[in-house]
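Take a look at the letters that make up each chain.
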Amino acid sequence: MALFPAAFETERLRYERLDAAMDALELYEHTGTDEFERVSEHISKHRHHHPKDALDYLEESAEQWREGDRANYAMFPKEGESGAGAFAGVASLISLWDRRTARLGVWLLEAYHGRGYAGERADALISLAFDRLDLELVAAGHTDGNDASKRAIEKYVDRYGGRYEGVLRNWVVLDDDPRDLHRYTISRDEYADAAVDVDLHVEETLD
Amino acid sequence: MTALFPRVFETERLRFERIHPETLDARELYPYVREDSGIADATRFMTWDPHQHPKETMEYVQYTGEANDAAASGNYAVYPKRGEDGAGEFAGNAGLGADWERRSAELGIWLRKPFWGRGYSGERADAFVELAFDRLGLEVVTVTVVDDNDRSIRAIGKYVERWGGQHDGYFRHLRPHGDDPASLHRYTITRADYDAADVNVDLSIVDD
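Give a detailed account of the overall build of chain A, specifying residues and quantitative values.
When you go through chain A residue by residue, the secondary structure sums to 7 helices and 9 strands. At 16 Å, chain A has a C-alpha radius of gyration in line with the 17 Å of a compact globule built from 207 residues. For chain A, the C-alpha atoms occupy an extent of roughly 45 × 40 × 35 Å along the three principal directions. The buried share of chain A, taken over its 207 residues, is 50%. Partitioning the intrachain contacts of chain A with sequence separation of at least 6 by distance along the chain shows that 66% fall at a separation of at least 24. Taken as two groups, the 25 positive and 44 negative side-chain charges of chain A have centres that lie 3 Å from each other.

Encoded structure:
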């Protein structure tokens, strides 16, 4: 069994290992756009300038997967959702083993904003982090001014009894510019006490 | 040639000499950091353990010297000046780690027990804050401390307040610490805090 499941599903979304689900040209259609520039404004990811950027990203993604350091999943809305089967964005679990911490990250194309997908995805990754990867802490963060992320994170962190810890000044470097990061965490104990009912179905391999 | 980090500087009561194989003999340092030197009082809360043998000390001096050559950090042996009790004796280590990409300076210090309670930590901090902003052009000075290190928390709270800085939070598992993650309080002084503060710093560069 690999550290990360190749695919999983939640109530409304299907997630597949990114480098297996997409090729560079497919990904580039979504990451080489003005829309992606807006979507990635507050995160440490850049618009891809040509398909080779997308290829490099997928190869890095595959490498990190093999090393067990990071799992990137392509997200697809399930049947019954508007845009079912289309690529909606990327969900990431970054395992910081020496800190026994899973860091979560996500970006969604604009058509999929406002549906609560980020929270649904968080539930699944939090459950994987504690129950499958045996980590002790889940951490998430947003930069100053990223109000959409702030609201989404506050909501699920609150659901698990986690906490806002404070601001890490000059922590994330975006375009050579160090930015402040607001950090939130959920501990294993908080997770256990919250006993949130998570809808998660794991597939070990991709057909 | 002027190095980014001064080789030697002084404050009112202390002299700071760069830890580097060119200027510090590991054999001189070893008696103060070895297992039975009593240094465990200080290292309890630190990211290192007392040294088992002089080779460990030699490697430490080499490693520290290399980080200094690479302009990544300045670490200094601290000596009380004339007039102080224990003048000229090795009192501890004070450093500034530069994270250039984040334009941040992280301060660190440990002192041997006989030199505790004299306010040396605050005197040293003022000098490093001045170096970080004025000489190195950094934007933030940071310091982190574990939750049960009460002495350090008191000392840090005092000088951070003096500079108008802040306690930014208590961050769980923020860093690896040996085999285990460490949860840390993090304090910062920003350039705006520094500019607005009215602190008189006694700092003289003896050897650039």
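Describe the interface of chain A and chain B, listing the residues and the values that go with them.
Every contact between the two is made by 23 residues of chain A and, on the other side, 22 residues of chain B. Buried area between chain A and chain B, summed over both chains or domains, comes out near 2,000 Å², and the portion from carbon and sulfur atoms is 47%. Looking at the side of chain A facing chain B, the largest losses of area belong to Arg-169, Asn-170 and Trp-171 of chain A, adding up to 32% of the total buried there. Remark: the boundary between chain A and chain B carries 5 salt bridges. Between Asp-177 of chain A and Arg-103 of chain B there is a salt bridge, and its shortest N-O distance comes to 4.0 Å. Where chain A touches chain B, the interface holds 15 residue pairs in polar contact (both at pLDDT 80 or more). Of all the elements in the fold, those that place two or more residues in the side of chain A that touches chain B are β7 (163-174) and β8 (177-187) of chain A. Among the elements that line the side of chain A that touches chain B, the one with the most residues is β7 of chain A, at 9 residues.

Mind laying out helix α1 (residues 26-33) of chain B, listing which residues take part and the relevant values?
Residue and element names in this part refer to chain B. For α1, every residue scored as buried is listed here: Ala-26, Leu-29, Tyr-30 and Val-33. Looking straight down α1, one finds its buried side chains confined to an arc of 115°; they lie on one side. Away from the buried face of α1 by more than 90 degrees, exposed residues Arg-27 and Glu-28 are located. The secondary structure elements touched by the buried residues of α1 are α3 (54-69) and β5 (104-111). At the N-terminal end of α1, a side-chain oxygen is found 2.9 Å from the backbone nitrogen of Arg-27, two or three residues along, and the residue is Asp-25.

Could you give me a rundown of the packing of helix α4 (residues 120-135) of chain B against helix α5 (residues 150-162) of chain B, with the residues and numbers involved?
Residues and elements named next belong to chain B. Viewed as axis vectors pointing N to C, α4 and α5 meet at an angle of 40°, and their least axial separation amounts to 9 Å. With respect to their mutual orientation, α4 and α5 come out oblique. The interaxial crossing formed by α4 with α5 has right-handed handedness. Where α4 abuts α5, its residues Ser-121, Gly-122, Arg-124, Ala-125 and Asp-126 lie against Ala-155, Tyr-159 and Arg-162. For the contact of α4 with α5, a count of residues per class yields 3 nonpolar, 2 polar and 3 charged.

Quick one: what's the story with the side chain of Thr-142 of chain B, residue by residue and with numbers?
All names here are of chain B. One can find Thr-142 in strand β6 (residues 140-145). With relative accessibility at 3%, the residue Thr-142 sits in the buried group. Excluding its chain neighbours within four sequence positions, the residues that come into contact with Thr-142 are Ala-105, Glu-106, Leu-107, Arg-186, Tyr-187 and Thr-188.

Describe the packing of α1 of chain B against α3 of chain B, listing the residues and the values that go with them.
Residue and element names in this part refer to chain B. Where α1 contacts α3, the two axes come as close as 9 Å, and the packing angle between them is 115°. Here α1 and α3 pass one another in a crossing that is right-handed. From α1, Ala-26, Leu-29, Tyr-30 and Val-33 reach across to α3, where they touch Pro-54, Thr-57, Met-58, Tyr-60 and Val-61. Its residues assigned to classes, the contact of α1 with α3 comprises 8 nonpolar, 1 polar and no charged.

Explain the confidence of the model for chain B residue by residue, including any values.
For chain B, the mean per-residue pLDDT works out to 94, and 100% of the residues sit at or above 70. The ipTM assigned to the predicted complex is 0.91, against a pTM of 0.92.

Tell me about the pairing of strand β2 (residues 13-17) of chain A, and name the residues and values.
One face of the sheet, then the other: side chains in a regular strand alternate in exactly this way. Residue and element names in this part refer to chain A. Of all 5 residues that make up β2, 5 are buried, and the element is covered over most of its length. Note that strand β1 (residues 7-9) and β2 share 3 bridges and pair antiparallel. In the strand pairing of β2, Phe-8 is matched with Tyr-15. Connecting β1 to the next strand, β2, in antiparallel fashion are 3 residues. As judged from the 5 bridges shared by β2 and strand β3 (residues 70-77), these two strands associate in the antiparallel manner. When the sheet's bridge partners are listed, Arg-14 is paired in β3 with Phe-76.

The rules behind each value
Residues numbered from 1 in each chain as written. Chains lettered and ligands numbered in written order. Predicted model: local features only at pLDDT ≥ 70, side-chain atom pairs only at ≥ 80, totals over all residues. Heavy atoms only, no water. Helix = DSSP H or I, 4+ residues; strand = E, 2+ residues; numbered from the N terminus. Rg over C-alpha atoms; globule rule 2.2 N^0.38 Å. Buried < 20%, exposed > 50% of the residue type's maximum accessible area, 1.4 Å probe, protein only. Contact = heavy atoms within 4.5 Å. Lys, Arg positive; Asp, Glu negative; His and termini not counted. Charge placed at Lys NZ, Arg CZ, Asp CG, Glu CD. Buried area = accessible area lost by both parts, 1.4 Å probe. Salt bridge = Lys/Arg side-chain N within 4 Å of Asp/Glu carboxyl O. Polar contact = N/O pair within 3.5 Å; in protein donor to acceptor, adjacent residues only side chain to side chain. Arc of directions from axis to C-beta. Axes fitted to C-alpha atoms, helices over the stretch in contact; angles between N-to-C directions. Parallel < 35°, antiparallel > 145°, perpendicular 65-115°, else oblique. Left-handed = near helix turned anticlockwise from the far one by under 90°. Nonpolar A, V, L, I, M, F, W, Y, C, P; charged D, E, K, R; others polar. pLDDT = per-residue confidence, 0-100. Pairing = 2+ DSSP bridges.

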